[in-house]
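# Close look at the chain arrangement
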Amino acid sequence: MHCTHLIAADTWYVGASDRRLAKFENLFPISRGVSYNSYLIVDEKTALLDTADSSVSAQYLENTAHALNGRGLDYLIINHMEPDHAATIAEVLLRWPQAQIVCNAKTVPMLKNYFPAAAEKIDAALLVKEGDVLSLGSHELTFVMAPMVHWPEVMLTFDKTTNVLFSADAFGTFGALNGNIFADEVDFARDWLDDARRYYANIVGKYGTQVQAVLKKAAGLPIQVIAPLHGPIWRENLGWFLGKYDLWSRWQPEDQGVVVLYGSMYGNTAGAASALAGLLADRGVKNIAVHDLSVTDTSEAVAECFRASTIVLAAPTYNGGLYLPMNALLEDLKALSLQNRTFALIENGSWAPMSGKLMAERVGELKNCTLLDTRVTLRGALTPAQDADLAALADAVAATVQG
Ligand code: FEO
């Protein structure tokens, strides 16, 4: 059964959602599923913008055929080659063999690597570059190169007739679409923002500079609709979401707030982290978040670090090194180039605490991050003699968010 939606004049949503996949990229848990968005413009010429993951290919192809309504496909525009959007290219070309590929020069070698059997079609591709215009009849499409957002070949397509920006992964989010395909039909801030931030931070987060370059280009376009490759489509309140992207891509916090991220083998470090959170609350800090890194997925912890201004790390020493979940988080924060945060540390080590030194070194590798001098060292449990130490840490941490 087809499931298509008109999103603008002559412009159909033909994507599909997957609610069975456990982990996106076999890495990031997606309990709310994920959508693979694709769009079809039906004009004098027809143009399909990107395809879909193989897991939803049957639904996707049925949707596309329905929206074509017996018409042939003239163009397959490839904005992004990652297989969650490109996996069905070969199948599309088999079903609509007259379709001409439209892509930029960086896409061609990727196409040949993924789809060697389609070499002839790839050689016949219409290559476009920044600002080129492709007329479909009444719709005029122009192309905006977006290299390294988050792959090198990424481009965006702007329909100058409907003012729809087909934004590739930019402005995407985890989460299946549940009938409502527009962001204004759901409570995005309540139900989607956390996953949108997690998607951005983990998938695109490393490439903030490149995202900033695209945001500057986008500011010059009269965009009325943003149609990403994942998640809801934006046709209202675009500025709110663009503002989130502006903060995230400059590695600026959304909230002047505290997140406490701890690893704990036997509950002693957890106890200190919880006690600190209570002391912060006593000092008037609101909306404190506390996560056990052995329970909270690293991708969620990363997203919390993109959200909050102050990050407290608490971890035991392990094999003379750093407790593994904390190590994984700090590796990821460095890879994603997290910047502009304040950190505080609680370390634990029964006979030779090393985790504080190691966490401090890792924080020191992050750009423009401040490490508070006040640090608590545990040798197992938090003892009454250390109450003053923890109180001093709470004072210092609270001051970072209370100006
Ligand atoms: Fe959703 Fe970079 O692919």
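Computed from a prediction, not measured in an experiment: that's the story for all the values here. (Residues numbered from 1 in each chain as written. Predicted model: local features only at pLDDT ≥ 70, side-chain atom pairs only at ≥ 80, totals over all residues. Heavy atoms only, no water.)

## What about the sheet that holds strand 15 (residues 164-166)?
Reading across the sheet, the 5 strands line up as 12-13-14-15-16 and stay open at both edges, with mixed pairing between neighbours. Both outer strands of the open sheet, strand 12 (133-135) and strand 16 (225-227), are each paired with one neighbouring strand and no more. The sheet shows a mean angle of 25° between the axes of neighbouring strands, taken without regard to direction. Sheet topology note: the strand 14 (residues 155-159)/strand 15 ladder contains 3 bridges and is antiparallel. Paired with Thr157 across the strands is Phe166, a residue of strand 15. (Pairing = 2+ DSSP bridges. Helix = DSSP H or I, 4+ residues; strand = E, 2+ residues; numbered from the N terminus. Axes fitted to C-alpha atoms, helices over the stretch in contact; angles between N-to-C directions.)

## Some words on the packing of aromatic side chains
Summed over all chains, the structure comprises 23 aromatic pairs. Ring centres of Tyr245 and Trp248 lie 5.5 Å apart, and the angle between their planes is 55°; on these two criteria the pair is classed as tilted. Taken together, the residues Tyr245 and Trp248, both in helix 9 (residues 238-249) and 3 residues apart, mark about one turn of the helix. Classification of Tyr245 as buried rests on a relative accessible area of 1%. Judged by its relative accessible area of 0%, Trp248 is buried. Members of the aromatic cluster, connected to one another through ring pairs, are Phe171, Phe188, Trp192, Tyr200, Trp234, Trp240, Phe241, Tyr245, Trp248 and Phe306. Lying across the ring of Trp192, Arg32 places its NZ or CZ 4.3 Å from the centre. Across from the ring centre of Phe182, 3.6 Å away, lies the NZ or CZ of Arg235, which sits over that ring. (Phe/Tyr/Trp six-rings, centres within 6.5 Å; stacked < 30°, edge-to-face > 60°. Buried < 20%, exposed > 50% of the residue type's maximum accessible area, 1.4 Å probe, protein only. Lys NZ or Arg CZ within 6 Å of the ring centre and 35° of its normal.)

## Structural notes on the UniProt feature "domain: Flavodoxin-like" (unreviewed entry) in the protein chain
Using the residue numbers shown here, the UniProt feature "domain: Flavodoxin-like" (unreviewed entry) corresponds to residues 258-398. Helix makes up 42% of residues 258-398 and strand 27%, with an end-to-end C-alpha separation of 8 Å. (UniProt positions renumbered as here; feature names shortened; annotations may be inferred.)

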